[in-house]
Each structure stands twice: as structure tokens, then as C-alpha cells.
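Letter by letter, the chains look like this.
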Amino acid sequence: MPVSINQIESLKEFYTAAGQGHVFNFFDDLTHDEQQSLVAQLKDIDPSLINRIFTKFTDPKQTQQLPSDIKPFPAERSGSILSADKDTIQGWEDIGLKAIAQNQVAVILMAGGQGSRLGSPGPKGCYDIELPSHKTLFQLQAERIIRLQSLAQQYAQDESLDVVIPWYIMTSGPTHTATVEHFEQHNYFGLRKSNVVFFNQGLMPSVSNDGKILLETKSKVALSPNGNGGIYDALRRDGVLDDLSARGVRYIHSYCVDNCLVKVADPIFIGYCIAKNADCGNKVVRKGYPTEPIGVVSICNGKPKVVEYSEIDPAMAALTDSEGQLVYKAGNIVNHFYTLEFLQRVKTFEDKLDYHIARKKIKHIDLETGEKIIPTTPNGIKFEVFVFDVFPFTENLAVYEVDRKEDFSPLKNAPGSGVDCPETSLRDITQRSLRFLQNAGAIVENIKDDVIPVEISPLVSYNGEGLECLAGKVLSAPVYLNTLEDLSRL
């Protein structure tokens with residue numbers, strides 16, 4: 001609906017009073033459609049909020065202090081697949097599979113990231129890490145959902161009821177269209193279209209180093225995704241919480257797209273959190289060494305919090321217990337469990353969540369000349385909220401430790417980087433496939449140290465199950481199992 005002249009004037013006064021009236025510098029030179037487009041953007045921005053956030057994080061008198069009174073997360077609220085016995089783990093898995101079988105579990109994927117660091121023009125989820133099957137990250141995750149639905153069907157009280165794990169995918173402005181097109185081109189990888197729901201991550205304006213909102217063009221504010229913590233507002237704004245409630249979902253698993261090993265809707269993790277009566281849960285991996293650049297889940301000033309590695313004194317980070325393990329070892333991998341009730345409650349404390357700043361090179365126009373500026377050094381600030389900033393507001397946060405080699409291998413860096421790159425993702429997936437075979441009792445020959453020519457599709461096995469028929473069989477690599485028919489031929 002077109003905005004009236006009076007509404008535009010009121011908006012100008014609002015921005016001018018906040019010291020941000022420069023966003024209208026070129027307004028009179030714009031076409032009617034361009035004016036309406038700019039006004040539509042500005043109506044969704046609170047310039048006074050931008051000013052408060054900027055002041056808080058740049059004024060030395062108001063800058064947050066590093067956390068004090070840091071303590072390890074309590075053992076009684078933590079569980080570990082590394083130390084739990086088989087019966088306990090099976091109990092957690094049964095609880096999780098029963099919840100899935102009752103259609104009480106959904107998955108939320110944070111997929112707003114671009115593949116710029118990978119050297120890829122598309123979304124990270126569309127990336128091909130050069131598996132023999134050439135499946136993208138999106139396809140691997142979709143097939144894990146399909147397999148898990150099949151496994152949970154055995155727990156369904158009503159066999160005629162289809163088990164469904166709805167998949168909600170959060171995109172961002174730069175990735176939305178390409179992500180949706182990727183799913184459409186691949187027929188949703190075998191999932192029903194109605195059970196794959198896309199929604200958009202929120203945006204925040206970027207500002208100059210002196211706090212002024214930047215314009216990308218004369219008619220467009222320089223916007224950027226508001227961090228993975230923007231998921232909470234987006235879930236409410238785009239109707240996802242209402243859809244979850246309408247479907248009868250009670251529990252949600254959420255993760256980042258770039259973890260090639262992610263166990264989507266992991267029934268053991270979900271079952272553990274349900275057993276602990278947690279309103280929120282966090283998967284962690286054991287921190288590898290004191291200076292590893294990974295945040296740790298701790299208790300800070302009496303509340304659970306992810307404390308960044310830069311916020312802990314080096315001597316504290318190096319502390320070890322009687323078994324030689326790091327005291328602060330619960331490495332955060334952004335892999336969470338929520339109850340729907342908790343996600344609905346976030347709005348009651350959302351205004352208390354902290355924003356974080358990132359100094360970036362931001363393309364913008366000169367406010368005097370209107371010329372395009374492409375900076376070579378950081379010239380501005382982007383604001384972000386982190387998804388784990390809700391932890392201090394939980395009533396019962398459960399922490400669940402997993403084996404890194406089985407659960408966590410992020411894809412972040414360009415090919416050839418040697419760390420968190422396509423080559424390490426390929427290695428970690430194929431090595432896990434090899435372990436699936438070996439744990440089932442198969443003997444795999446012709447394996448070289450530098451190449452693991454083994455791939456087991458998630459459609460064949462979610463977590464190593466279903467391969468018992470291979471016990472005692474000698475297999476010569478390469479071994480590629482893409483379908484259950486491939487398995488039956490061995």
C-alpha cells in the first residue's frame with residue numbers, strides 16, 4: 001500500500017530527531033517507486049535502537065566487561081555419549097524415536113550463509129565437496145531426514161500414520177532464491193514439498209564507524225543479516241512458530257548448514273534432552289586444546305553462557321582436572337534442542353539479548369556526491385545477535401557431549417586451506433562411512449591412508465544401523481552404497 005506524503009514527512013522527522021536524517025539525502029531525486037521502496041525499508045528500522053546499540057558497544061564507559069565469575073558447566077546437567085553405557089544411550093534413542101514417531105519433532109536449519117569464503121557463488125548448502133555421489137550438503141541432510149522417518153516408523157503406534165519430520169530452512173536475502181531453486185530443481189530430494197518450509201533471516205542496517213546508517217544506493221539502505229540469533233524473531237515474524245504449533249510439534253532440533261556430519265534430528269540428543277526435562281539443549285564437543293578458537297559452555301555470573309575463547313584468561317583455559325581433561329572443555333558447535341514452549345517464550349526477553357559488532361568493508365554511496373564507494377579496509381559496522389545468547393534465560397539447559405569425529409566437521413574455508421575445508425569434509429564423511437562398515441563387522445580392503453573410497457548414503461544408514469548383513473564379509477574398495485538395492489547386492 002503506497003505511503004502518504006504525511007507519513008513520509010513523519011518518518012523524516014523521526015529519523016532526523018535520531019540524527020539519521022541523511023538517509024533522505026537523495027529522496028527528492030528518486031522516482032516514485034524508488035521512494036516507496038526506500039520508505040518501506042525505513043519503516044522496518046528503528047533508528048533510535050541502532051543508536052543505542054552503537055553507543056553501547058563503542059562508548060568505553062558503556063562497553064561490556066569481560067565475563068567474571070566463570071565456572072565450568074555442572075556435571076549433573078551434562079551428559080556424554082563418550083562415557084554413557086550402551087543401555088543408557090539406547091534409552092535416550094528410544095525416547096527420541098518415539099517422539100519422532102508421534103510427529104512431535106521438527107528441524108530448523110540455519111542456512112543464511114553464503115559460500116564466499118569457499119570461493120563459491122552460491123549458498124553453502126548447495127556446495128559439492130566432491131563425494132563420489134556429488135551430493136550437496138542440502139541433499140545429505142534431506143536424506144538423513146528421510147532415513148530417520150523410516151526408522152521412527154517402527155515406533156509409531158498407528159502404522160497407517162506417516163512419520164513426518166518437517167524441515168524449516170532459514171535463508172537470508174542473498175541466499176533465499178538460490179536455495180529455493182536448488183530444492184525445486186532436485187524435487188526436494190525426495191521429501192514432500194509441504195514439509196519443507198523456507199523463511200527469511202532478519203536484516204539490520206550497517207553503520208559507519210561514527211554510527212551513521214549507510215546507504216547501499218540512493219534508494220536502498222545497506223542491510224546485512226542480523227546474525228544467527230535473528231532466528232528467534234524470524235520464527236515468530238514469518239509464522240513458523242504458529243505452523244509448528246498447528247502440526248503438534250513439541251521438540252525442535254536446530255543446527256548450521258555447514259556441518260557435513262550433522263545428525264539431523266538426532267534421536268539420541270533429542271531423547272537425552274527430553275529425559276532431562278530441558279527447555280533448551282546444546283550439543284558440544286570436547287575442546288581439543290586450551291587455545292582452540294571455540295567458545296565453551298560455562299556458568300557465568302550464575303547463568304549458563306557460551307564464553308568466547310578470547311574472554312577466558314589463558315591460565316584458566318589451560319586448567320585440567322584429575323584425569324588430565326580441560327576443565328573448560330564443552331566446545332560449542334551451534335547445535336541445539338528447544339521445546340516449542342521455550343521458543344514461544346523468547347519474545348518475553350528478546351529485548352535483553354546482546355548485539356555484537358563486526359567491523360567490515362561495506363560498500364556504500366557517498367552522501368555528498370552519490371558516488372559508489374568500494375572500501376579496501378573496514379569502514380563500518382554490522383550488528384549481529386548470536387543464537388546461543390538465549391542460554392542465560394533458559395530454565396533448564398542440558399549439555400550433551402558428542403564425539404567430534406562422528407558429529408562435527410564444519411565447512412568454512414576455501415579448497416586447499418587444510419582446516420574446515422572441502423577436503424576435510426570429504427575425508428570426515430568417507431572415514432565415518434568406513435567406520436560404519438567396520439563396526440558392522442565388514443572387512444574393507446584396498447584402503448590407502450590418503451584416500452578413503454567409501455561412501456554410504458544416509459538413505460542406506462543414518463548412524464551405522466542396517467549394515468549387520470555385512471558382518472564377516474570382505475569388501476574391496478571402492479565401496480559405494482547409494483541405495484538399499486546396492487546393499488543387497490553385496
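Residues numbered from 1 in each chain as written. Predicted model: local features only at pLDDT ≥ 70, side-chain atom pairs only at ≥ 80, totals over all residues. Heavy atoms only, no water.

If you look the chain up in an unreviewed UniProt entry, it shows as UDP-N-acetylglucosamine diphosphorylase from Basidiobolus meristosporus CBS 931.73. Taken from UniProt, the Catalytic activity (unreviewed entry) comment for the chain reads in full: "N-acetyl-alpha-D-glucosamine 1-phosphate + UTP + H(+) = UDP-N-acetyl-alpha-D-glucosamine + diphosphate". The record held by UniProt for the chain lists under Sequence similarities (unreviewed entry) the comment "Belongs to the UDPGP type 1 family." (UniProt positions renumbered as here; feature names shortened; annotations may be inferred.)

A. Fine view of the overall build of the chain. Across its full length, the chain carries 14 helices and 24 strands. Taken against the 2.2 N^0.38 rule, which gives 23 Å for 490 residues, the C-alpha radius of gyration of the chain at 24 Å falls within 12% of a compact globule. Seen through its principal axes, the chain has C-alpha atoms that stretch 80 × 55 × 50 Å. Approximately 22600 Å² of the chain is accessible, and the part contributed by carbon and sulfur atoms is 49%. The average position of the 49 basic charges and that of the 63 acidic charges among the side chains of the chain differ by 2 Å. (Helix = DSSP H or I, 4+ residues; strand = E, 2+ residues; numbered from the N terminus. Rg over C-alpha atoms; globule rule 2.2 N^0.38 Å. Areas by Shrake-Rupley, 256 points an atom, 1.4 Å probe, with all protein chains shown as cover. Lys, Arg positive; Asp, Glu negative; His and termini not counted. Charge placed at Lys NZ, Arg CZ, Asp CG, Glu CD.)

B. Broad picture of the pattern of salt bridges. Applying the stated criterion to the full structure yields 24 salt bridges. Glu 465 is paired through a salt bridge with Arg 147; the nearest N and O atoms lie 2.9 Å apart. A residue pair is termed long-range when its members are at least 10 positions apart, and Glu 465 in the loop between strand E22 (454–456) and strand E23 (474–476) and Arg 147 in helix H5 (residues 137–153) qualify at 318 residues. The partner of Asp 266 in a salt bridge is Lys 283, with the nearest N and O atoms 2.8 Å apart. Note that Asp 266 is positioned in the loop between strand E11 (251–256) and helix H9 (267–275) and Lys 283 in strand E12 (residues 280–286), a separation of 17 residues in sequence. Residue Asp 266 shares its accessibility class with Lys 283, and that shared class is buried. Members of the salt-bridge network, linked through shared partners, are Asp 233, Arg 236, Arg 237, Asp 238 and Glu 350. (Salt bridge = Lys/Arg side-chain N within 4 Å of Asp/Glu carboxyl O. Buried < 20%, exposed > 50% of the residue type's maximum accessible area, 1.4 Å probe, protein only.)

C. Structural context of the sheet that holds strand E16 (residues 356–360). Here 3 strands make up an open sheet; going across it, the order is E7-E19-E16 and the pairing antiparallel. Lying at the two open borders of the sheet, with one neighbouring strand each, are strand E7 (207–208) and E16. (Pairing = 2+ DSSP bridges.)

D. Quick look at the environment of Val 306. Looking at where Val 306 falls in the secondary structure, it is placed in strand E14 (residues 303–307). Sequence separation between Val 306 and Ile 294 is 12 residues; the distance between their C-alpha atoms is 9.6 Å. Not counting residues up to four positions away in its chain, the partners in contact with Val 306 are Gly 295, Val 296, Val 297, Glu 311, Asn 332, Phe 388 and Phe 391. (Contact = heavy atoms within 4.5 Å.)

E. Local environment of unusual backbone geometry. With an omega dihedral of 10°, the bond running from Ala 477 to Pro 478 counts as a cis peptide bond. In this structure, Pro 478 sits in the loop between E23 and strand E24 (479–481). Residues other than glycine seldom take positive phi values, yet Val 334 does so here, at roughly 55°. Its place among the elements puts Val 334 in strand E15 (residues 330–339). Non-glycine residue Asn 446 carries a positive phi angle of around 65°. When you line up the elements, Asn 446 lands in the loop between strand E21 (443–445) and E22.

F. Just empty space enclosed by the protein, in detail. In total, this model carries 1 cavity of 30 Å³ or more according to the counting rule given. What the largest cavity holds in volume is close to 120 Å³. Within the residue set of the lining of the largest cavity, elements represented by two or more residues are H5, helix H13 (422–439) and E22. For the lining of the largest cavity, the element with the most residues is H13, which contributes 4 residues. (1 Å grid on protein atoms, 1.4 Å probe; cavity = no way out; pocket = protein on both sides within 12 Å on 5 of 7 lines; lining within 4 Å. Points joined across faces, edges and corners; volume = space filled by probe spheres on them.)

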